[in-house]
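Observations on the model geometry
If you want the building blocks of each chain, they are given just below.
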Amino acid sequence: MKHLPASSLVPVLALALTACSALQPANVPPVAVYRLEASAPGSSVAPANVTASILVGNIRAAAGFDTSRMLYTRQPFQVEEFQQSQWQKPPAAMLMPLVATALESTGMFKAVLQAPNATLTTYRLDLELLSLQQDFSSKPSHVQLKLRAHLSDRQSQQVIAWREFSISIATTSEDAYGGVLASNQAVAQVLQQLRVFCVEQITLAAQTRKKQP
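Cut-off values and rules
- Residues numbered from 1 in each chain as written.
- Predicted model: local features only at pLDDT ≥ 70, side-chain atom pairs only at ≥ 80, totals over all residues.
- Heavy atoms only, no water.
- Helix = DSSP H or I, 4+ residues; strand = E, 2+ residues; numbered from the N terminus.
- Buried < 20%, exposed > 50% of the residue type's maximum accessible area, 1.4 Å probe, protein only.
- Contact = heavy atoms within 4.5 Å.
- Areas by Shrake-Rupley, 256 points an atom, 1.4 Å probe, with all protein chains shown as cover.
- Expected span 1.5 Å × (residues − 1).
- 1 Å grid on protein atoms, 1.4 Å probe; cavity = no way out; pocket = protein on both sides within 12 Å on 5 of 7 lines; lining within 4 Å.
- Points joined across faces, edges and corners; volume = space filled by probe spheres on them.
- Nonpolar A, V, L, I, M, F, W, Y, C, P; charged D, E, K, R; others polar.
- pLDDT = per-residue confidence, 0-100.
- Core = buried A, V, L, I, M, F, W, Y, C linked by side-chain atoms within 4.5 Å.

Our focus in this paragraph is the overall build of the protein chain. Scanning the protein chain for helices and strands turns up 3 helices and 9 strands. Counted from the first residue to the last, the protein chain has its helices and strands arranged as α-β-β-β-β-β-α-β-β-β-β-α. The 213 residues of the protein chain split such that 39% are buried. Partitioning the intrachain contacts of the protein chain with sequence separation of at least 6 by distance along the chain shows that 70% fall at a separation of at least 24. Per element, the accessible surface of the protein chain, about 12,900 Å² overall, is 56% carbon and sulfur.

Here it is as C-alpha cells:
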C-alpha cells in the first residue's frame with residue numbers, strides 16, 4: 001500500500017475543512033418575536049334584560065399585510081421587512097381576541113363570539129386590516145394603523161354602518177421595538193374607537209326599529 005506524501009495531503013485537508021465549514025449554520029442573530037397587546041378597558045356587566053349577541057368575523061388583511069413579518073417604509077409605495085424582528089402571528093389574527101374583549105367590556109351583549117362559530121347572533125362585525133407599518137420617511141418615525149369595520153344585522157343580512165379608522169402614533173425609538181410600542185398604542189386607540197362605533201350604531205338601530213310601525 002502506497003503512502004501519499006505529506007505535501008499532497010494539504011490540498012485534500014483544506015478542501016475537507018472548507019466543506020465542513022459550509023455545512024455549519026451561519027452566525028445569524030436570533031429573530032426577536034413580538035405580539036400585539038392592549039390593556040382591556042373596564043368591563044361593564046351586561047344587564048339581565050340584554051339579549052343581543054355579536055359575532056366577530058375572521059379579520060381579513062389587505063394584500064401584503066397577511067404576514068407575520070414586521071413591515072416598514074422609507075418612501076411612498078415601497079414596503080420593506082425587518083430581518084431580525086417579526087410578529088408572533090399575523091396582526092389580523094392577534095387583533096381578533098382583542099376586539100372580542102373590547103366588545104365584551106361594553107356590557108351591551110349577552111354573548112360575544114368569534115369566528116368560526118355557526119351560532120346565529122344578533123349582529124356581526126367584519127373587519128379588514130388595511131395597513132400596519134412603520135414609516136421612516138420622517139423623524140420621529142411613526143406607525144400607521146388602518147382598519148375598516150362593517151357592522152351587520154344578521155336577521156336582515158343588511159349592513160347597519162361601516163367606518164374606516166386611521167391611527168398614527170409617533171415612535172420613541174427608530175427601530176423595530178419602537179414600532180412595536182407604537183403599534184400597541186395604536187391598537188388600544190382603535191379598539192376604543194371601535195367600541196364607541198358599535199355602541200352608537202347598535203343603539204341608533206334599536207331606536208329606529210322602535211319608531212317603525
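Continuing now.
A few words now on helix H2 (residues 91-104). With 14 residues, H2 should reach 20 Å at 1.5 Å per residue; the first-to-last C-alpha distance of 20 Å fits that figure. Across the 14 residues that make up H2, a large majority, 10, are buried. Among the residues of H2, those classed as buried are Pro91, Ala92, Met94, Leu95, Met96, Leu98, Val99, Ala100, Ala102 and Leu103.

With that settled, the discussion passes to empty space enclosed by the protein. Scanning the entire structure with this criterion turns up 2 cavities of 30 Å³ or more. Surrounding the largest cavity, Met70, Leu71, Phe82, Trp87, Leu132, Gln133, Gln134, Val143, Gly179, Val180 and Ser183 form its lining. Broken down by secondary-structure element, the contributors of at least two residues to the lining of the largest cavity are strand S4 (69-75), strand S5 (78-87), strand S7 (123-135) and helix H3 (176-211). Across the lining of the largest cavity, the residue classes break down as 7 nonpolar, 4 polar and no charged. What the second largest cavity holds in volume is close to 40 Å³. Along the walls of the second largest cavity sit Phe65, Thr67, Arg69, Leu71, Trp87, Pro91, Leu129 and Leu132, which together make up its complete lining. Tallied by class, residues from the lining of the second largest cavity come to 6 nonpolar, 1 polar and 1 charged.

Our focus in this paragraph is the confidence of the model for the protein chain. Here the protein chain shows a mean pLDDT of 86. Residues at 70 or above account for 82%. The low-confidence segment residues 12-17 (pLDDT under 50) makes 0 contacts with residues lying over four places distant or belonging to another chain.

This next bit is on the nonpolar core. The biggest cluster of nonpolar side chains holds 48 residues, and the ones touching the most others in it are Val99, Leu103, Phe109 and Leu125. Looking at this core, the elements with two or more residues in it are strand S2 (53-56), S4, S5, H2, S7, strand S8 (142-153), strand S9 (158-170) and H3. Here this core takes 11 residues from H3, the largest share from any one element. Beyond its immediate sequence surroundings of up to four residues, Leu125 is in contact with Ile54, Leu55, Val56, Gly57, Val99, Leu103, Ala149, His150, Leu151, Leu194 and Cys198.

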